[in-house]
Amino acid sequence: MKKTTIIILGSVIFLVVFFGISLLTGYNKLVDKDVSVDYQYSVIDTRLQQRYDTLTQLATAVNGFQAHEQTIYDMITSAREAYATAKANGDLQGMIDADALQSIALADLLVLFEDNEPLQATQAYGDYMDAVWGIESALSEARRQYNLSVQDYNLYVRKFPGVLYASLYSYDKEYDYWKVGADATDVPDIVFGS
Amino acid sequence: MKPVFKVFILLSLILLFLTGCKTDDLYPDPTNEFYVNDFADTLVPAVESTIVREGERLYEEVSEDGEISGVQIVFATFAVESESNIAEYNITDIYNQWGIGTDDMGILVVYFYVGDEDKPEELVLSEVYIYTGFTMEMYLSPIEAGNILDETIMTDMDESMSTAQLLYELLTVVYVEVFEYEAFNYDMDEYQIYLDNYDDYGDYDDIWGWVIYVILSPYSVWWEKGVLLIAAALIFGVGGGVVKNIGGGGKSGGMGIRRRR
């Protein structure tokens with residue numbers, strides 16, 4: 001076999017192997033980033049469930065103190081129902097809206113607590129506030145991690161060579177960010193102690 | 001090409017590669033002790049020693065079914081110029097960067113002091129946070145963590161004593177809730193005596209005394225002297241970097257609690 005033929009054959013084999021490996025790693029990267037978005041979404045879902053449980057306990061705790069509490073309780077319940085419906089329909093914006101509605105209910109609930117001196121004097125009050133702070137902190141972190149993974153995925157499928165892999169493997173979707181109102185993303189500023 | 005240039009190019013490439021591998025961490029790496037990271041330089045050596053000793057002991061603890069091990073409780077202190085600077089720190093990011101606790105079984109306690117960081121004695125404790133790993137959330141809720149802070153660091157007790165009590169209360173939760181001990185007992189009066197009589201170098205007296213004895217002793221053989229000399233040189237030479245505690249790779253989901261003083 002001539003030397004030129006060997007070089008050409010070698011180059012062809014090299015290119016085939018090179019592109020084969022690129023296609024494999026490109027596909028794996030896409031799957032990794034896609035799965036990461038799904039995972040972070042599931043974390044938000046869990047945290048929202050935890051928040052719903054916490055808010056329900058809170059609403060029950062203020063029961064009987066204010067006439068306003070039924071409105072807030074209804075708001076929490078309807079936010080949860082709206083979330084469940086949006087989730088069943090795969091409506092991300094609907095879920096985000098429900099998340100924001102729950103945040104508004106929480107803010108209203110905190111105002112109710114602040115105006116309620118007999119309740120403030122109880123140990124239960126401090127415990128509820130701790131529970132709220134903890135879950136809002138965790139939810140805020142879950143939203144941030146979700147948005148970071150969405151950003152990572154979206155950047156990859158838009159940039160070269162990810163755009164080629166995304167097109168080749170039909171990963172043409174882009175995820176929306178979890179954007180709730182600026183106020184809703186903050187951990188409530190609850191002051192404790194002296 | 002001369003061999004020396006080849007070596008130079010090779011070393012440059014290795015250096016370039018290693019530089020490329022360096023990640024841009026936002027926060028300082030944990031210290032070699034790992035369990036105590038006193039960046040504000042406000043903790044007294046006795047308390048630091050207790051945190052490290054108890055941390056190492058806890059890390060070795062294994063549950064009866066063998067499912068849980070490598071639990072870590074880590075303390076960190078930071079000095080900031082003003083309270084508004086505290087918002088620049090994300091406790092979850094610090095937790096995850098340090099990888100506290102095996103299988104997300106970790107607790108991170110962070111103290112923020114406000115003032116001039118060059119004058120540790122003038123720093124004032126402003127905020128305290130307790131953050132838990134994902135799995136630890138099952139055992140230490142924000143309510144429990146908040147109550148522990150109220151009974152320790154939020155009281156008028158001396159800061160060293162309250163930090164020690166905070167550690168012991170967290171250990172109580174871990175040993176009783178996680179490892180199912182019947183109880184975990186500690187005595188703060190005893191601890192006060194320990195604190196008052198603590199010798200900064202006391203922890204090393206025994207081992208270093210033994211090392212010096214073996215090296216100088218006419219009864220020890222040459223290889224014993226050699227091994228100990230090399231070990232001692234390494235420990236002093238790299239600042240104690242030979243024996244290094246590290247994180248268990250745990251992650252936190254941001255569940256925690258805060259108290260303001």
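Use the structure listed above.
Conventions used here
Numbers given to residues run from 1 along each chain, matching the order in which its sequence is written. By the order in which they are written, chains take letters starting at A while ligands take numbers starting at 1. With pLDDT at 70 or above as the cut-off, local features in this predicted model cover only qualifying residues; side-chain atom pairs require 80 or more to be listed or tallied, and sums for whole chains, interfaces and linings still use all residues. Working from all heavy atoms in the structure, the side-chain values ignore hydrogens and water. Think of it this way: any DSSP run of H or I at least four residues long counts as a helix, any run of E at least two long counts as a strand, and we number them from the N terminus. Only protein chains enter the accessibility calculation, which uses a 1.4 Å probe; a residue whose area is less than 20% of its type maximum is buried, one above 50% is exposed, and one in between is partly exposed. For this analysis, residues touch if any pair of their heavy atoms sits within 4.5 Å. Summed over both partners, the accessible area lost on bringing two parts together, with a 1.4 Å probe, is the buried area. Put simply, a salt bridge is a Lys or Arg side-chain nitrogen that is within 4 Å of an Asp or Glu carboxyl oxygen. Two strands qualify as a pair provided that DSSP identifies no fewer than 2 bridges between them. Structural elements are reduced to axes, namely lines fitted to C-alpha atoms, with helices fitted over the stretch in contact, and the angle between N-to-C directions of any two is expressed from 0 to 180 degrees. Think of it like this: strands point away, you trace from the first strand over the helix to the second, and a clockwise trace means the crossover is right-handed. Classification of ring pairs rests on two measures: the distance between centres of Phe, Tyr or Trp rings, Trp counted by its six-membered ring, which must be within 6.5 Å, and the angle between planes, read as stacked under 30 degrees, edge-to-face over 60 and tilted in between. Here a helix's expected span is defined as the number of its residues, less one, multiplied by 1.5 Å. By the criterion applied in these results, polar contacts are pairs of N or O atoms within 3.5 Å in which, for protein atoms, one can donate a hydrogen and the other can accept it, and in which residues neighboring in sequence qualify only through two side-chain atoms. Here the word oblique covers every angle except those under 35 degrees (roughly parallel), over 145 (roughly antiparallel) and from 65 to 115 (roughly perpendicular). Residues were grouped as follows: Ala, Val, Leu, Ile, Met, Phe, Trp, Tyr, Cys and Pro as nonpolar; Asp, Glu, Lys and Arg as charged; and all remaining residues, including Gly, as polar. Here the term patch refers to residues with relative accessible area over 30% and no salt bridge, with like charges joined within 9 Å and nonpolar side chains (Val, Leu, Ile, Met, Phe, Trp, Tyr) within 5 Å. Computed by Shrake-Rupley with a 1.4 Å probe, the accessible areas treat only the displayed protein chains as cover when residues are assessed.

Enquirer: Even after reading the chapter, I still don't get the overall build of chain B, so can you show me in this structure?
Expert: Along chain B, the regular secondary structure elements total 8 helices and 5 strands. Listing the helices and strands of chain B from first to last along the sequence gives α-β-α-β-α-β-β-α-α-α-α-α-β. Relative to its full complement of 261 residues, chain B shows a buried share of 44%.

Enquirer: Looking at this structure, how should I read the interface of chain B and chain A?
Expert: How big an interface is tends to be stated in terms of accessible area lost as the parts join. Contact with chain B, which involves 21 residues of that partner, is made by 22 residues of chain A. Taking both sides of the interface into account, the surface hidden between chain B and chain A amounts to around 1600 Å²; carbon and sulfur atoms contribute 46%. Looking only at chain B, the three residues that lose the most surface to chain A are Ile143(B), Arg258(B) and Arg260(B), adding up to 29% of its buried area. On inspection of chain B and its partner chain A, the count reaches 3 salt bridges.

Enquirer: Any chance you could explain unusual backbone geometry here in plain terms?
Expert: Residues and elements named next belong to chain A. The peptide bond linking phenylalanine 160 to proline 161 adopts the cis configuration, its omega dihedral lying at 5°. Turning to its location among the elements, proline 161 is positioned in the loop between α5 (123-158) and α6 (162-168). Phi at serine 170 takes a positive value of approximately 60°, unusual for a residue other than glycine. Along the chain, serine 170 turns up in the loop between α6 and α7 (182-185).

Enquirer: In this structure, what is going on with the sheet that holds strand β2 (residues 72-80) of chain B? I would like to understand it.
Expert: In a beta sheet, neighbouring strands pair by backbone hydrogen bonds and run either parallel or antiparallel. Residue and element names in this part refer to chain B. Here we have 5 strands laid out as an open sheet, ordered β1-β2-β3-β4-β5, and mixed in their pairing. Here the strands that pair on one side only, and so sit at the sheet edges, are β1 (36-38) and β5 (256-260). Averaged over all pairs of adjacent strands, the angle between strand axes in this sheet comes to 10°, irrespective of strand direction. Direction of pairing for β1 relative to β2: parallel, over a ladder of 3 bridges. By the bridge assignment, asparagine 37 is partnered in β2 with alanine 76. Its contacts with the sheet put helix α3 (residues 91-98) on β1, β2, β3 (106-114) and β4 (124-132), and the angle it makes with β3 is roughly 130°.

Enquirer: Mind showing me how you'd approach the pairing of β3(B) here?
Expert: The two faces of the sheet receive side chains in turn, since in a regular strand these alternate between them. Residues and elements named next belong to chain B. Most of β3 is tucked away, with 9 of its 9 residues classed as buried. With 9 bridges joining them, β2 and β3 adopt parallel strand pairing. Looking at the pairing, phenylalanine 78 lines up with phenylalanine 112 of β3. After leaving β2, the chain enters α3 and then returns to the sheet as β3, a path that is right-handed. When β3 meets β4, the two strands line up antiparallel, connected through 8 bridges. Bridge pairing in β4 places leucine 108 opposite tyrosine 131.

Enquirer: Which parts of the structure should I look at to understand the packing of aromatic side chains?
Expert: Describing an aromatic ring pair means giving the distance of the ring centres and the angle of the ring planes. According to the stated counting rule, one finds 25 aromatic pairs over all chains in the structure shown. Taking 6.1 Å as the distance between ring centres and 20° as the angle between the ring planes, the aromatic pair formed by Phe14(A) and Phe18(A) counts as stacked. Of the two residues, Phe14(A) and Phe18(A) both sit in helix α1 (residues 3-61), 4 residues apart, roughly one turn of that helix. For Phe14(A), a relative accessible area of 56% corresponds to the exposed category. Between Phe39(B) and Trp98(B), the ring centres sit 6.2 Å apart and the planes meet at 55°, which makes this aromatic pair tilted. Remark: Trp98(B) occurs in helix α3 and Phe39(B) occurs in the loop between β1 and α2 (45-60); sequence separation between them is 59 residues.

Enquirer: When you look at helix α3 (residues 92-114) of chain A in this model, what are you seeing that I'm missing?
Expert: Each turn of an α-helix holds 3.6 residues, which means side chains three or four residues apart point in the same direction. For α3(A), built from 23 residues, the straight-helix expectation of 33 Å at 1.5 Å per residue is met to within 8% by its first-to-last C-alpha distance of 33 Å. Of the residues flanking the start of α3(A), the one acting as N-cap is Asp91(A), its side-chain oxygen 3.3 Å from the backbone nitrogen of Gln93(A).

Enquirer: Got a minute to help me understand the packing of α2(B) against helix α5 (residues 159-178) of chain B in this structure?
Expert: For any two helices packed against each other, one specifies the inter-axial angle together with the distance between the axes. Residues and elements named next belong to chain B. Interaxial distance between α2 and α5 falls to 10 Å at its minimum, and their mutual angle equals 10°. With respect to α5, the axis of α2 lies roughly parallel. Note on element contacts: α5 touches α2 through Ser160, Thr163, Leu167, Tyr168, Leu171, Val174 and Tyr175, opposite Val47, Thr50, Ile51, Glu54, Arg57 and Leu58. Grouping the amino acids of the contact of α2 with α5 by side-chain chemistry returns 8 nonpolar, 3 polar and 2 charged.

Enquirer: Can you walk me through the side chain of Thr163(B) in this structure?
Expert: Residues and elements named next belong to chain B. Within the secondary structure, threonine 163 sits in helix α5. For threonine 163, a relative accessible area of 1% translates into the label buried. A distance of 3.0 Å separates polar atoms of two side chains, one belonging to threonine 163 and the other to tyrosine 111. Residues contacting threonine 163, with those up to four places away along its chain left out, are Leu43, Val47, Ile51, Phe75, Tyr111 and Ile153.

Enquirer: Could you clarify how one ought to interpret the pairing of β5(B) in this entry?
Expert: All names here are of chain B. With 4 of 5 residues buried, β5 is to be regarded as a mostly interior element. In this structure, β4 lies alongside β5, joined through 5 bridges in antiparallel fashion. Looking at the pairing, valine 128 lines up with arginine 259 of β5.

Enquirer: I keep staring at a nonpolar patch on the surface and nothing clicks. Help me out?
Expert: A surface patch of nonpolar side chains, about 360 Å² in accessible area, is lined by Leu9(A), Ile13(A), Val17(A) and Ile21(A). Secondary-structure assignment places Ile21(A) in helix α1.

Enquirer: Where do I start with the pattern of salt bridges in this structure?
Expert: Once their charged atoms are close, side chains differing in charge can pair, the charge on each being opposite to the other. Residues and elements named next belong to chain A. Taken as a whole, this structure holds 15 salt bridges over all chains when the rule is applied. Among the salt bridges present, the one from aspartate 45 reaches lysine 87, with a minimum N-O distance of 2.7 Å. One end of the pair, aspartate 45, is in helix α1; the other, lysine 87, is in helix α2 (residues 69-88), with 42 residues separating them in the sequence. Taking relative accessible area as the criterion, lysine 87 reaches 37% and is therefore assigned partly exposed. Across the pair arginine 51 and glutamate 136 runs a salt bridge whose closest N-O atoms are separated by 3.1 Å. With arginine 51 in helix α1 and glutamate 136 in helix α5, this residue pair connects regions lying 85 residues apart in the sequence. Overall, arginine 51 belongs to the buried group, its relative accessible area being 0%. One salt-bridge network, in which partners are shared between bridges, spans Arg51, Asp99, Glu136 and Arg143.

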